[in-house]
There are 10 protein chains.
Amino acid sequence: MQCFFVQLKTRLGRAYDVADALARRELASEVYSTSGEYDLLAKFYVEDDVDVGHFVNQNLHDIDGIERTYTTLTFKAF
Amino acid sequence: MQCFFVQLKTRLGRAYDVADALARRELASEVYSTSGEYDLLAKFYVEDDVDVGHFVNQNLHDIDGIERTYTTLTFKAF
Amino acid sequence: MQCFFVQLKTRLGRAYDVADALARRELASEVYSTSGEYDLLAKFYVEDDVDVGHFVNQNLHDIDGIERTYTTLTFKAF
Amino acid sequence: MQCFFVQLKTRLGRAYDVADALARRELASEVYSTSGEYDLLAKFYVEDDVDVGHFVNQNLHDIDGIERTYTTLTFKAF
Amino acid sequence: MQCFFVQLKTRLGRAYDVADALARRELASEVYSTSGEYDLLAKFYVEDDVDVGHFVNQNLHDIDGIERTYTTLTFKAF
Amino acid sequence: MQCFFVQLKTRLGRAYDVADALARRELASEVYSTSGEYDLLAKFYVEDDVDVGHFVNQNLHDIDGIERTYTTLTFKAF
Amino acid sequence: MQCFFVQLKTRLGRAYDVADALARRELASEVYSTSGEYDLLAKFYVEDDVDVGHFVNQNLHDIDGIERTYTTLTFKAF
Amino acid sequence: MQCFFVQLKTRLGRAYDVADALARRELASEVYSTSGEYDLLAKFYVEDDVDVGHFVNQNLHDIDGIERTYTTLTFKAF
Amino acid sequence: MQCFFVQLKTRLGRAYDVADALARRELASEVYSTSGEYDLLAKFYVEDDVDVGHFVNQNLHDIDGIERTYTTLTFKAF
Amino acid sequence: MQCFFVQLKTRLGRAYDVADALARRELASEVYSTSGEYDLLAKFYVEDDVDVGHFVNQNLHDIDGIERTYTTLTFKAF
């Protein structure tokens, strides 16, 4: 399995709508509202052969209220 | 419990030493080497009354090889 | 109680309308117009179990004239 | 009276030493350890004729462990 | 008296309209078109009790053609 | 005559030494300690044929305590 | 032959449309979706006398969905 | 004579239109399309008493397709 | 196989030493000196189960003359 | 012939030493001290087969007093 994180910057006041929409899709293993530059942080596990870029495009980027996303891939769990 | 994430930028070539040192301390619930601007991402759960800033200072900042850290607090899990 | 600060960048010429609107809501313990990158600084005290992100979303982000906000959480008062 | 805030970035692991040193000087009305880019936030009230720049230089900048400071002046309290 | 400077970034090609409008208001002691990131630099003297933020909001921000402004306060003249 | 401004970032705690040194040289028409990213702002008038870059190099850059400087040239006074 | 790389930032959710459009034009020797600040990375070989700036303008910039591009020229292959 | 350079960032795909328009005005001594953050670089010689800021405003900023410009003044030729 | 790119910023004047050292290690499929913010660009193919972060740490970061590196992972080749 | 520009940031107070050293090498067609983020701007013409990166490394980067350089390549002269 591949584990990666996506940080989401949402339009003003939309963070919780986006979080709910994301949670309802039951794709992320964890979704948090967070402090700092981004509003949300989501964690995903996908099969090794899944194209992460495409996955984010297809499953996140169509949610209304997202301004931009930043994907962090994990290489190894210690 | 409070859940928060810490991203760590390490000196060139030291990421895996720092990750091992962090893992040995068994304070983080998860530690990953990652792509992007930071080298490592660690997830922590602490009691609600714990001062997160102090926790990071006391338990991470003394590990040799760290250049800087960025703490992201979670407000709510969805 | 949790104490946190919110810095607000407003649209050109709207800082004082936003400050008045914020003050009228009597949620912030202090509201200042300030120098520097942001236009306003507000200080809040909320119960420990309050989700700060949600609080900011619900109580600030609907005020007209705000461009963006930056939340700074306090860990400990010395 | 003039009210202003100073955010302090400290060297790695020194935030709480600096906060204690600052608190002991009893110049700040409030001192917090904080999340985000800076480690500490301090609030000051000084007489109107006090030169804030000089005040910060004389009373903060000699504390060991500070990397940089950012002063935010308040124009008006709402 | 308080002395402060305001740097103005104007929309493309509007710098000299904004400068003329500013000069006609006879509020600034000096107005220059400048090199660098900003297009104009204006210097102001106001009474000590004047709220600089409000002054800039009321007297500059309604001039058409301004993209953003950056206020620099002076603490002391040497 | 050419009029230009130089903003100076000084090492921590050195702003007022640098300001005094600059004032003693009686080259600047005005020297201020300031809020914001830079610590000092100085204004100069020099003959039209003076090479401003060289002037700054020769007359400012040898003052101990300066980290960096940013020169803003004025094109026209309104 | 000249070898150069172009990184492409696309509008939210459009990365794979742009990649397909680019691939169909059969101008790039390689096209990848990527992690990090940009969404796509394309590699090109063109004749030495080709004006790379013009090439990018003519052959990439008319593809719908591109926000901005960054061209990296190679000087030498080792 | 004054010599200065202007770097121009153009809207996506418009660099060569802007360059042609600029060349047709026969004001610049040299115009290049370039690599890097900006798309074009133009070099100008004007009389010593010419207000460079105004010159750029009047002669460049009305060309359609320009996003922003950055003027670099030369102090001395070696 | 995983394909990824590494951009390298080297200390002043060391780019070609680093490039030669990298080429001699015969780990990269391509190594270029490049224009722009970074000095070198290297392309790697490794087995799917290879930890890219560790690979970069072990095989690049010990080369003398490197200031920092930026790894870009490819998700899919079009 | 290839035409390219190099902007040079020098250590504080060293701009004119570096400019003189560069001029003495008679490699640049033009060398200017400049306003803005960089201190010097130099223009070069080299044969088409010359590796620009290597040229800058070999002929500029050994001059004492340079902090960093930024190379801008020209694609086409209009």
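This is a predicted model, so every value here is computed, not measured. (Residues numbered from 1 in each chain as written. Chains lettered and ligands numbered in written order. Predicted model: local features only at pLDDT ≥ 70, side-chain atom pairs only at ≥ 80, totals over all residues. Heavy atoms only, no water.)

Some points on the sheet that holds strand S2 (residues 30–34) of chain J
Next up, step 1: An order of S1(H)-S3(H)-S2(H)-S4(J)-S1(J)-S3(J)-S2(J)-S4(H) is seen for the eight strands of this closed barrel, with the pairing classed as antiparallel. For this sheet the average axis-to-axis angle between neighbouring strands, irrespective of direction, equals 35 degrees.
Next up, step 2: Here three bridges tie strand S4 (residues 66–77) of chain H to S2(J), and the two strands are oriented antiparallel to one another. Within S2(J), the position partnered with H:Thr74 by the bridge is J:Thr34.
Next up, step 3: Together, strand S1 (2–10), strand S2 (30–34), strand S3 (40–46) and S4 of chain H together with strand S4 (66–77) of chain J form the strand contacts of helix H1 (residues 15–24) of chain H, whose direction differs from that of S3(H) by roughly 15 degrees.
Next up, step 4: Those strands touched by helix H1 (residues 15–24) of chain J are S4 of chain H together with strand S1 (2–10), S2, strand S3 (40–46) and S4 of chain J, and its axis lies near 15 degrees from that of S3(J). (Pairing = 2+ DSSP bridges. Helix = DSSP H or I, 4+ residues; strand = E, 2+ residues; numbered from the N terminus. Axes fitted to C-alpha atoms, helices over the stretch in contact; angles between N-to-C directions. Contact = heavy atoms within 4.5 Å.)

Let's talk about the arrangement of the chains
Next up, step 1: A minimum C-alpha distance of 27 Å separates chain F and chain G, which share no contact.
Next up, step 2: Contact between chain E and chain J is absent, and the least distance between their C-alpha atoms amounts to 6 Å.

Focus: the relation of the copies chain A and chain B
The pair of chain copies shares a relation made of a rotation about an axis and a shift along it.
Next up, step 1: The two copies are related by a screw motion: chain A maps onto chain B through a turn of 180 degrees and a shift of 0.0 Å along the axis, at an RMSD of 0.0 Å. Viewed as a symmetry operation, the transformation between the two copies matches a two-fold axis.
Next up, step 2: Looking at chain A, 100% of its interface residues are interface residues in chain B too, so the copies touch through the same face. (Least-squares fit on C-alpha atoms with pLDDT ≥ 70 in both.)

Structural notes on the packing of aromatic side chains
Next up, step 1: One pass over the structure, following the stated rule, counts 55 aromatic pairs over all chains.
Next up, step 2: Seen in terms of ring centroids, A:Phe4 and A:Phe55 are 5.9 Å apart; in terms of plane orientation they differ by 80 degrees. Their pairing is edge-to-face. Here A:Phe55 lies in helix H2 (residues 52–59) and A:Phe4 lies in strand S1 (residues 2–10), a separation of 51 residues in the sequence. For the pair shown, A:Phe4 and A:Phe55 are each scored as buried.
Next up, step 3: Pairwise contacts between aromatic rings join A:Phe5, A:Tyr32, B:Phe5 and B:Tyr32 into one cluster. (Phe/Tyr/Trp six-rings, centres within 6.5 Å; stacked < 30°, edge-to-face > 60°. Buried < 20%, exposed > 50% of the residue type's maximum accessible area, 1.4 Å probe, protein only.)

Points about the interface of chain A and chain B
Next up, step 1: Listed per partner, the contact involves 27 residues of chain A and 27 residues of chain B.
Next up, step 2: Between chain A and chain B, roughly 2200 Å² of surface is buried when both sides are summed, and carbon and sulfur atoms account for 62% of that area.
Next up, step 3: Here A:Lys43 ties to B:Glu30 by a salt bridge, and the two come within 2.5 Å at their closest N and O atoms.
Next up, step 4: The tally of links from chain A across to chain B stands at 12 residue pairs in polar contact (both at pLDDT 80 or more).
Next up, step 5: By residue number, the principal contributor to the side of chain A that touches chain B is strand S4 (residues 66–77) of chain A, which donates eight residues.
Next up, step 6: Counted by class, the side of chain A that touches chain B contains 14 nonpolar, eight polar and five charged residues. (Buried area = accessible area lost by both parts, 1.4 Å probe. Salt bridge = Lys/Arg side-chain N within 4 Å of Asp/Glu carboxyl O. Polar contact = N/O pair within 3.5 Å; in protein donor to acceptor, adjacent residues only side chain to side chain. Nonpolar A, V, L, I, M, F, W, Y, C, P; charged D, E, K, R; others polar.)

Quick word on helix H2 (residues 52–59) of chain I
Next up, step 1: Of all the positions in H2(I), only I:Val52, I:Gly53, I:Phe55, I:Val56 and I:Asn57 are classed as buried.
Next up, step 2: For H2(I), the secondary structure elements touched by its buried residues are S4 of chain A, helix H1 (15–24) of chain B together with strand S1 (2–10), strand S3 (40–46) and strand S4 (66–77) of chain I.
Next up, step 3: With a side-chain oxygen positioned 2.9 Å from the backbone nitrogen of I:Gly53, the residue opening H2(I) is I:Asp51.

Observations regarding the environment of B:Glu30
Next up, step 1: By the secondary structure assignment, B:Glu30 is in strand S2 (residues 30–34).
Next up, step 2: Sequence separation between B:Glu30 and B:Lys43 is 13 residues, and the spatial gap between their C-alpha atoms is 5.2 Å.
Next up, step 3: Not counting residues within four places of it along the chain, the set of residues in contact with B:Glu30 comprises A:Glu30, A:Lys43, B:Leu41, B:Ala42 and B:Lys43.
Next up, step 4: Within polar-contact distance, the side chain of B:Glu30 engages the side chain of A:Lys43 at 2.5 Å.
Next up, step 5: A distance of 2.6 Å separates polar atoms of two side chains, one belonging to B:Glu30 and the other to B:Tyr32.

A closer look at helix H1 (residues 15–24) of chain D
Residues spaced three or four apart along an α-helix point in a common direction, a consequence of the helix completing one turn every 3.6 residues.
Next up, step 1: Of the residues making up H1(D), those classed as buried are D:Ala15, D:Tyr16, D:Val18, D:Ala19, D:Ala21 and D:Leu22.
Next up, step 2: Those residues of H1(D) hidden inside the fold are in contact with helix H2 (52–59) of chain B, strand S4 (66–77) of chain C together with strand S1 (2–10), strand S2 (30–34), strand S3 (40–46) and strand S4 (66–77) of chain D.
Next up, step 3: Taken from the residues just after H1(D), D:Glu26 is the one with a positive phi, measuring 50 degrees.

As for the sheet that holds strand S3 (residues 40–46) of chain E
Next up, step 1: As summarised here, the arrangement of the eight strands in space is S1(E)-S3(E)-S2(E)-S4(F)-S1(F)-S3(F)-S2(F)-S4(E), forming a closed barrel in which the pairing is antiparallel. Ignoring which end each strand starts from, the neighbouring axes of this sheet average 35 degrees apart.
Next up, step 2: Along the sheet, helix H2 (residues 52–59) of chain F makes contact with strand S1 (2–10), strand S3 (40–46) and strand S4 (66–77) of chain F, crossing S1(F) at roughly 40 degrees.

Concerning the pairing of strand S1 (residues 2–10) of chain C
All names here are of chain C.
Next up, step 1: Burial analysis of S1 places eight of its nine residues in the buried class, the great majority of the element.
Next up, step 2: Relative to strand S3 (residues 40–46), S1 is paired through seven bridges, and the arrangement is antiparallel. When the sheet's bridge partners are listed, leucine 8 is paired in S3 with leucine 40.
Next up, step 3: In the sheet, S1 pairs with S4 via seven bridges, with the strands oriented antiparallel. In the strand pairing of S4, lysine 9 is matched with arginine 68.

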